Amino acid sequence: ALRGRPLGILHLATHATSNPSIPAFSGVLLSQRDLAGSRVQGLVPAFELARAGLQVRLCVLSACSTAEGEPLAGEGRLGLHRALLEGGAERVVATHWPVSDRATARLMGQFYEALLRRRLAPADALAAAQRGAWELRPGSPVHWAGFVFYGDWRPWPIGQIGSSRSEEGDRNYEVGDGEMGTP
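Residues numbered from 1 in each chain as written. Predicted model: local features only at pLDDT ≥ 70, side-chain atom pairs only at ≥ 80, totals over all residues. Heavy atoms only, no water.

Of note, Thr104 is situated in helix α3 (residues 101–117). With sequence-adjacent residues up to four places away left out, Thr104 is seen in contact with Ser62, Val99 and Phe147. (Helix = DSSP H or I, 4+ residues; strand = E, 2+ residues; numbered from the N terminus. Contact = heavy atoms within 4.5 Å.)

What follows is about the sheet that holds strand β9 (residues 147–151). Spatially, the 4 strands line up as an open sheet ordered β1-β5-β8-β9, and their pairing is mixed. Across the chains shown, the open sheet's two edge strands, defined by having one partner strand only, are β1 (6–13) and β9. Within the sheet, the average angular offset between the axes of one strand and its neighbour, ignoring direction, is 15°. In the sheet, strand β8 (residues 91–95) pairs with β9 via 5 bridges, with the strands oriented antiparallel. Paired with Val93 across the strands is Phe149, a residue of β9. Where α3 meets the sheet, it contacts β1, β5 (55–62), β8 and β9, and its direction lies at approximately 155° from that of β5. The strands touched by helix α4 (residues 122–136) within the sheet are β5, β8 and β9, with β9 carrying the most contacts at an inclination of about 170°. (Pairing = 2+ DSSP bridges. Axes fitted to C-alpha atoms, helices over the stretch in contact; angles between N-to-C directions.)

Here the focus is the sheet that holds strand β3 (residues 27–29). Where strands meet in a sheet, backbone hydrogen bonds hold them as pairs that are either parallel or antiparallel. A sheet is described by the order of its strands in space; here 3 strands give the open sequence β2-β3-β4, paired in antiparallel fashion. Lying at the two open borders of the sheet, with one neighbouring strand each, are β2 (15–17) and β4 (43–45). Across the sheet, the mean angle separating the axes of adjacent strands is 25° when strand polarity is ignored. As defined by bridge partners, β3 adjoins β4 across 3 bridges and the pair is classed as antiparallel. Residue pairing for β4: Val28 is matched across the bridge by Val44.

Nothing here speaks to function; it is all geometry.
Written out as structure tokens, the structure is:
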């Protein structure tokens, strides 16, 4: 559904499965029902993500253990993050271990605040969000330290994220399949 369709940001807040022994069978879990309510395969395996032909500036995998996988000498870990990079994403934020929904929601709020309002590069925005989480709960790195950034660290102009101006002049950001939301 996303093939050939350029996106600024693809944020997947979902569940993921990790298969460290066969990384191609790790996957992202989406809905198991289509729009008509019929049952569908809800797992999108890593091997499909790797050949998806995505045109995504930044993919955020807000799910557990999305950077987990067998290490390959000279290549790093072969997790879902790697499949997305191979599939066309320029940058990926992923996790090394299971993450708390509540702590992740706070961290992602800080991340998008830094990325979209303060206009930091994605890698810098993640670092700023992690610093903010550390300042809030210095003894709890399990809630923020598992998030890692992969890919092109350089910033891109904020206007290329898919932003537009509403009639009221507020900045809106394109999300999902073209619907507009505010960060």
